[in-house]
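Fold and contact review
This is what each chain is made of:
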Amino acid sequence: MLEQVIDIVREAGRLFEDKNFEVQSKGSASNNVTSVDLAVEAFLKERLTALIEDCGFIGEESEGSDYERPYLWIVDPIDGTANFIRDMGLSAVSVGLVHGGEVILGVVYNPVRDEMFYAEKGKGAFLNGQPIRVSDRDVEHSIFCTAMSLYNKSLAKPCFNIIEKVYERCDDIRRLGTAALELVYLACGRSELYFEMRVFPWDFAGAEIIIREAGGYIGTIGYERTVFNRPIPLICANTKENFDYLKKIVLDEIPVIPYSE
């Protein structure tokens, strides 16, 4: 099935070529949706749900309530919509397949660079057919990808506090505006640390298994593992030592999740 999903996602990526797209607000100046987002999601829903009988589908632009289905597709048609609108080349299609509360297959594709990241449980992680692994860099030599809770700026202060503490030790910081690409960049050794205060399942579902299969670590607070029915803080790192270091800083700043939805 993985090869079928890759083909479907690659075909969906061709819709990024539409330069006459329309932009609509989703309630704030920072939160928009384009006609390409909607077209990609509709295409993926039709094609992916045909692969598995009686599966669920959750997409950023349609959300839904299929969480109890045995198999669940979780999709972000364009992760990095603001980047897409501005033609920055940092946007991706993200697809994850969840079974039994665990991601078992993931694909993240940047059509501009033609970079296809993918993984299946127990079979390793790949970029354009080549195996990928996380780096072995320590904190002092790490690139830290992060953000400041764009859609709920009342949570920005603890984000800045965490960033300041990590920046004292790490090499440098990046803010790419697309969680999916930041996560798969960690999986292939382009970065080492990741934290975001409030991410939704479609932001990370596709990339989660890619990180795990590449030897990395991914988790949250308040739960033993990531969950897919609500937004959560997300913590990722290339090594267990770096993960524990980053998680301690996060817990010192936010010992409990500071929001419910």
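Refer to the structure above for everything that follows.
In this text, all values refer to a predicted model and were calculated from it rather than measured experimentally.

Turning our attention to the layout of surface pockets. Taken as a whole, the largest pocket holds about 910 Å³ of empty space. Counting residues per element, the lining of the largest pocket draws most heavily on helix α3 (residues 81-85), at four residues. Computed from the structure, the second largest pocket encloses a volume of approximately 230 Å³. Taken together, 17 residues make up the lining of the second largest pocket; nearest its centre are Phe16, Glu17, Lys19, Phe84 and Val112. Those elements that provide at least two residues to the lining of the second largest pocket are α1 (2-13) and α3. Looking at the lining of the second largest pocket, the element that brings in the most residues is α3, giving three residues. Class assignment of the residues belonging to the lining of the second largest pocket gives a composition of eight nonpolar, four polar and five charged.

Our focus in this paragraph is α1. Look at α1: 16 Å from first C-alpha to last across 12 residues, which is about the 16 Å you get at 1.5 Å a residue. Turning to α1, its buried residues number three or more, namely Leu2, Val5, Ile6, Ile8, Val9, Ala12 and Gly13. Buried residues of α1, seen end-on, are gathered within an arc of 165° and therefore sit on one face of the element. Among the structural elements, α2 (35-49), β4 (71-79), β5 (92-99), β6 (102-110) and β7 (115-120) are those in contact with the buried residues of α1.

Another aspect to go through is the side chain of Arg198. Tracing the chain through its elements places Arg198 in strand β12 (residues 193-199). The buried charged residue Arg198 lacks any salt bridge partner; its closest oppositely charged side chain belongs to Glu261, at an N-O distance of 7.1 Å. In this structure the side chain of Arg198 is engaged in a polar contact, spanning 3.2 Å, whose partner is the backbone oxygen of Glu261.

What follows concerns the pattern of salt bridges. The final tally for this structure, using the stated rule, is 15 salt bridges. Measuring nitrogen to oxygen at the nearest pair gives 2.8 Å for the salt bridge that ties Glu115 to Arg190. Separated by 75 residues along the polypeptide, Glu115 in strand β7 and Arg190 in the loop between α5 (179-187) and β12 bring together distant segments of the chain. Since its relative accessible area comes to 8%, Glu115 is described here as buried. A salt bridge links Arg169 to Glu140, with the shortest nitrogen-to-oxygen separation between them at 2.6 Å. Within this pair, whereas Arg169 is found in the loop between α4 (156-167) and β11 (172-174), its partner Glu140 is found in the loop between β9 (130-131) and β10 (143-146), the two being separated by 29 residues in sequence. One connected set of salt bridges, linked through shared partners, spans Arg113, Glu115 and Arg190.

We now examine the packing of α1 against α2. Closest axis-to-axis distance for the α1/α2 pair is 10 Å, and the angle between their directions is 160°. What the angle tells us is that α1 and α2 run roughly antiparallel. Where α1 crosses over α2, the two elements pack in a sense that is right-handed. For the pair formed by α1 and α2, the contact residues are Val5, Ile8, Glu11 and Ala12 on the first element and Val40, Phe43, Leu44, Arg47 and Leu48 on the second. Of the residues assigned to the contact of α1 with α2, the class counts are seven nonpolar, no polar and two charged.

Here the focus is the sheet that holds strand β14 (residues 232-237). The strand order across the open sheet built from five strands is β11-β10-β12-β14-β13, with neighbouring strands paired in mixed fashion. In this open sheet, the two edge strands, each paired with only one partner strand, are β11 and β13 (217-219). Averaged over all pairs of adjacent strands, the angle between their axes in this sheet comes to 15°, without regard to strand direction. Relative to β11, β10 runs parallel, the two sharing three bridges. Bridge pairing in β11 links Ile143 to Asp172.

Where strand β1 (residues 23-28) lies against strand β2 (residues 31-34), four bridges are found, and the strand directions are antiparallel. Bridging across to β2, Ser28 finds its partner in Asn31. If you look at the hairpin formed by β1 and β2, you'll find two residues sitting between the two strands.

Rules used in this analysis
- Residues numbered from 1 in each chain as written.
- Predicted model: local features only at pLDDT ≥ 70, side-chain atom pairs only at ≥ 80, totals over all residues.
- Heavy atoms only, no water.
- 1 Å grid on protein atoms, 1.4 Å probe; cavity = no way out; pocket = protein on both sides within 12 Å on 5 of 7 lines; lining within 4 Å.
- Points joined across faces, edges and corners; volume = space filled by probe spheres on them.
- Helix = DSSP H or I, 4+ residues; strand = E, 2+ residues; numbered from the N terminus.
- Nonpolar A, V, L, I, M, F, W, Y, C, P; charged D, E, K, R; others polar.
- Expected span 1.5 Å × (residues − 1).
- Buried < 20%, exposed > 50% of the residue type's maximum accessible area, 1.4 Å probe, protein only.
- Arc of directions from axis to C-beta.
- Contact = heavy atoms within 4.5 Å.
- Lys, Arg positive; Asp, Glu negative; His and termini not counted.
- Salt bridge = Lys/Arg side-chain N within 4 Å of Asp/Glu carboxyl O.
- Polar contact = N/O pair within 3.5 Å; in protein donor to acceptor, adjacent residues only side chain to side chain.
- Axes fitted to C-alpha atoms, helices over the stretch in contact; angles between N-to-C directions.
- Parallel < 35°, antiparallel > 145°, perpendicular 65-115°, else oblique.
- Left-handed = near helix turned anticlockwise from the far one by under 90°.
- Pairing = 2+ DSSP bridges.

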